[in-house]
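# Per-entry structural report
Each chain, letter by letter, is given below.
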Amino acid sequence: QVKIIETLASTLADHAQNMTGTANITAETLRHAINDVSSLGDMLTSIDLPSNCNVRELFALMDDDGDGKISQDEFQAAMYRWRFCGEFQRSCVLQMSLNAMKRMLVLLQASLEDMRIKDGDRLSSAPSHKQITQEDGKRCVHASMQEHDPKGEIT
């Protein structure tokens, strides 16, 4: 099955190259490839994706870096994980994704803070990054670190 995945990834990249002039796969390229390459449709059907999973959702599952394109490597990695990962490995992949999102939020927050400082505190009326009041009136510290109550619930 590893060889089949590698062949499908290469076929999909070739299909994208022929359609768009680039080997990066878009949602539209994926849609066409599923219709044109029966072995790709068969492989995806055998994975037991969620009911009514459409091409856009499938694409989002494969687009690991969220750039709107799937490279041949991203396609292969997604297929390997779907075919060969157990429950623990899937949990690890999910945690890696969550951690990557947290990291992006921290970088975004730092970038916004830099912009605020460079802007001469023109945005000083905005909530401080150290203390933000939520809609329910409760306050949390740093946007990436919420206060916890003694019961362990996020407030």
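We now turn to the structure provided with this report. (Residues numbered from 1 in each chain as written. Predicted model: local features only at pLDDT ≥ 70, side-chain atom pairs only at ≥ 80, totals over all residues. Heavy atoms only, no water.)

### Quick word on the environment of Leu58
Mapping Leu58 onto the fold places it in helix 4 (residues 55-62). Residue classification places Leu58 among the buried positions, given a relative accessible area of 5%. Each C-alpha atom, one on Leu58 and one on Leu30, is 9.2 Å from the other, the two residues being 28 residues apart in sequence. Discounting residues that sit within four places of it in the chain, Leu58 has contacts with Leu30, Ile34, Leu44, Leu49, Cys53 and Trp82. (Helix = DSSP H or I, 4+ residues; strand = E, 2+ residues; numbered from the N terminus. Buried < 20%, exposed > 50% of the residue type's maximum accessible area, 1.4 Å probe, protein only. Contact = heavy atoms within 4.5 Å.)

### Regarding the packing of helix 2 (residues 27-36) against helix 4
In contact at an axis separation of 9 Å, helix 2 and helix 4 are set at 115° when each is read in the N-to-C sense. Relative to helix 4, helix 2 is oriented roughly perpendicular. Helix-helix and strand crossings are classified by hand; for helix 2 and helix 4 the assignment is right-handed. From helix 2, Ala27, Leu30, Arg31 and Ile34 reach across to helix 4, where they touch Val55, Arg56, Leu58 and Phe59. Tallied by class, residues from the contact of helix 2 with helix 4 come to 6 nonpolar, no polar and 2 charged. (Axes fitted to C-alpha atoms, helices over the stretch in contact; angles between N-to-C directions. Parallel < 35°, antiparallel > 145°, perpendicular 65-115°, else oblique. Left-handed = near helix turned anticlockwise from the far one by under 90°. Nonpolar A, V, L, I, M, F, W, Y, C, P; charged D, E, K, R; others polar.)

### Some thoughts on helix 5 (residues 72-84)
Taking 1.5 Å as the rise per residue, helix 5 with 13 residues should run 18 Å; its terminal C-alpha atoms sit 18 Å apart, in good agreement. Regarding helix 5, the residues found buried are Glu74, Phe75, Gln76, Ala78 and Met79. Residues of helix 5 that are buried sit in contact with helix 1 (2-20), helix 3 (38-46) and helix 4. (Expected span 1.5 Å × (residues − 1).)

Just geometry here; none of it tells us what the structure is for.
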